[in-house]
Amino acid sequence: MLDQYPGTKMIAGGQSLAPMMNMRMAHIEQLIDLDLLSELSGIKAASSQVVIGAMTRHHAVANSAILQQQCPLLAAAAKTIGHYVIRQRGTIGGSLCHADPAAQMPLIALTLNAQFHVKSLGQERTIAAADFFQGAMTTALQENEFLYAISYPCFSHQTAWAFELFNRRHGDYAIVSVALAVEYDASHLIRNIRIGLNGVADFAKDYSADCEAFLHQPYSEQWVAELTQHLMSKFAPFDEERISASYRLDLSKSLITSAFQRAHRRFLKEEA
Ligand SMILES: Cc1cc2nc3c(=O)[nH]c(=O)nc-3n(C[C@H](O)[C@H](O)[C@H](O)COP(=O)(O)OP(=O)(O)OC[C@H]3O[C@@H](n4cnc5c(N)ncnc54)[C@H](O)[C@@H]3O)c2cc1C
């Protein structure tokens, strides 16, 4: 159908598309409802990856025992999406294809370098998160393609994580959010850092490569302060009428600090 009728759109949970149609921001000739395609739902652990069907609801991602063990950062972030009803209907694939710059799922996909599995008639391809997102509300999906699954790397036993966000009202999109995974080595030195932020650039951004000079060192409050300062020099927050760029910077500073502190407490088993 995607090939036959150009301009056709998929509808997944309808939590972003339906409001856009209601407000006449989207005019769509044909809709394909993915709701009954049960083969597009589910969460499977496969060797070093977790593979999630595009139609898997946020609620299922948030409460998955597999994800809580293998990729807890993703489950924790899904728990913070909107309200209960939104999470019951909204899907991980819908959120990723919608590509809202403040949404949790694109941030986690970029931070963890998720792989996007895409199909069109007789063809399949896999796209890395960094190539899938091309800016706010824009992805690399062609008109005749749809997303059928996403894979995420499993966390090692030495990896601790945190997801921190600030919003003014429970359930609103966050002003700034931080996704963090820190891997320690056997001597408790920091082996690897994956960190991404929403709200300090025009789209979710992965800042992991900017942490390289801070690897192979022990955790300390001083280390966190210096790394946070260094990361903040990379941000390009924007001014809005009611949210200034400097407010976003202040938020990012306290959220990054809390994220490292929480991840370290988790590594020491002082926090679940
Ligand atoms: C009140 C409210 C609060 C919200 N708060 C948050 C929040 O705090 N954080 C957050 O991240 N999100 C939030 N959302 C959005 C919510 O997470 C949606 O679930 C999500 O953005 C879209 O998922 P969906 O399954 O509803 O997709 P739909 O609305 O059905 O589709 C969205 C877009 O993706 C396309 N699409 C869907 N599935 C596929 C597929 N498999 N292949 C190709 N294209 C596809 C559709 O054609 C459409 O363009 C909120 C929504 C509402 C209404």
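Residues numbered from 1 in each chain as written. Predicted model: local features only at pLDDT ≥ 70, side-chain atom pairs only at ≥ 80, totals over all residues. Heavy atoms only, no water.

The chain is annotated in an unreviewed UniProt entry as Carbon-monoxide dehydrogenase medium subunit of Polynucleobacter kasalickyi.

## A word on the overall build of the chain
Put simply, the test is: Helix and strand labels come from DSSP, where a helix needs a run of H or I of at least four residues and a strand needs a run of E of at least two; each type is numbered from the N terminus. A radius of gyration in this sense is built from C-alpha atoms; the matching globule rule multiplies 2.2 Å by the number of residues raised to 0.38. The buried label applies to any residue whose accessible area, calculated with a 1.4 Å probe on protein chains only, is under 20% of its type's maximum; exposed applies above 50%, and partly exposed to all values in between. In this description, contact between two residues means that some pair of their heavy atoms is separated by no more than 4.5 Å.
Across its full length, the chain holds 10 helices and 13 strands. Relative to the 2.2 N^0.38 estimate, which gives 19 Å for 272 residues, the radius of gyration of the chain is 19 Å and therefore close to what a compact globule would have. Put simply, the chain has 272 residues, and 48% of those count as buried. Taking all contacts inside the chain whose residues are at least 6 apart in sequence as the whole, residues at least 24 apart take part in 58%.

## A short note on the sheet that holds strand 12 (residues 190-198)
This is how the line gets drawn: Note on pairing: two strands pair once DSSP finds at least 2 bridges between them. Axis angles are defined between N-to-C directions and span 0 to 180 degrees, where every axis is a line fitted to C-alpha atoms and, for a helix, only to the segment in contact.
Within the open sheet, the four strands sit side by side as 10-11-12-13. Their pairing is antiparallel. Taken across any chain shown, the strands that pair with only one partner, and hence form the sheet edges, are strand 10 (159-166) and strand 13 (205-206). As judged from the eight bridges shared by strand 11 (residues 176-184) and strand 12, these two strands associate in the antiparallel manner. In the sheet register, Val 178 faces strand 12, and the bridge partner there is Leu 197. The strands touched by helix 4 (residues 72-79) are strand 10 and strand 11; relative to strand 10, the strand with the most contacts, the crossing angle is about 20°.

## Re the layout of surface pockets
Stated precisely, the cut-off is as follows: The method works on a 1 Å grid over the protein atoms by themselves. A cavity is a set of points holding a 1.4 Å probe that cannot get out, a pocket is an open set with protein on both sides within 12 Å along at least five of seven lines, and residues with an atom within 4 Å of a point line them. Grid points are joined across faces, edges and corners, and a volume is the space filled by probe spheres set on the points. Just so you know the grouping, Ala, Val, Leu, Ile, Met, Phe, Trp, Tyr, Cys and Pro go in nonpolar, Asp, Glu, Lys and Arg go in charged, and all remaining residues, Gly too, go in polar. Note: domain ranges come from an automatic or database domain assignment.
Estimated volume of the second largest pocket: approximately 380 Å³. Class assignment of the residues belonging to the lining of the second largest pocket gives a composition of six nonpolar, seven polar and three charged. Counting only domains with at least three residues in the lining of the second largest pocket, you end up with domain 1 (9-153) and domain 2 (159-267).

## Observations regarding the packing of aromatic side chains
Put simply, the rule reads: The criterion for an aromatic pair is that two Phe, Tyr or Trp rings (for Trp, the six-membered ring) have centres within 6.5 Å, with stacked assigned to planes under 30 degrees apart, edge-to-face to planes over 60 apart and tilted to the rest.
This structure, assessed with the given rule, holds eight aromatic pairs. Consider the rings of Phe 116 and Phe 132, whose centres lie 4.1 Å apart with planes at 15°: the pair is stacked. Placement of the pair is Phe 116 in strand 5 (residues 115-120) and Phe 132 in helix 8 (residues 129-132), with a sequence separation of 16 residues. Both residues of the pair, Phe 116 and Phe 132, belong to the buried class. Judged by centre distance (5.6 Å) and plane angle (90°), the ring pair of Phe 116 and Phe 133 falls under edge-to-face. Here Phe 133 lies in strand 7 (residues 133-135) and Phe 116 lies in strand 5, a separation of 17 residues in the sequence. Accessibility assignment for this pair places Phe 116 and Phe 133 in one class, buried.

## Some points on the domain arrangement of the chain
Note the cut-off: Criterion for a salt bridge: a side-chain nitrogen of Lys or Arg within 4 Å of a carboxyl oxygen of Asp or Glu. Under this definition, polar contacts are N or O atom pairs within 3.5 Å; protein pairs additionally need one hydrogen-donor-capable and one acceptor-capable atom, and for neighbouring residues in sequence, both atoms have to be side-chain atoms.
By the assigned domains, the chain splits into domain 1 (9-153) and domain 2 (159-267). Look at where the C-alpha atoms of domain 1 and domain 2 centre, and you get two points 23 Å apart. At the interface, 22 residues of domain 1 touch 22 residues of domain 2. On the surface where domain 1 and domain 2 come into contact, there are zero salt bridges. Remark: the boundary between domain 1 and domain 2 carries three residue pairs in polar contact (both at pLDDT 80 or more). If one sorts the elements of the side of domain 1 that touches domain 2 by residue count, helix 7 (residues 104-111) sits on top with six residues.

## Here we look at unusual backbone geometry
Of note in the backbone geometry, Ser 47 takes a positive phi value of approximately 45° without being a glycine. Relative to the helices and strands, Ser 47 resides in the loop between strand 3 (43-46) and strand 4 (49-53). At Asn 113, a residue that is not glycine, the phi angle is positive and equals roughly 55°. Structurally, the position occupied by Asn 113 is in the loop between helix 7 and strand 5. Of the residues examined, Asn 113 reaches a relative accessible area of 39% and is grouped as partly exposed.

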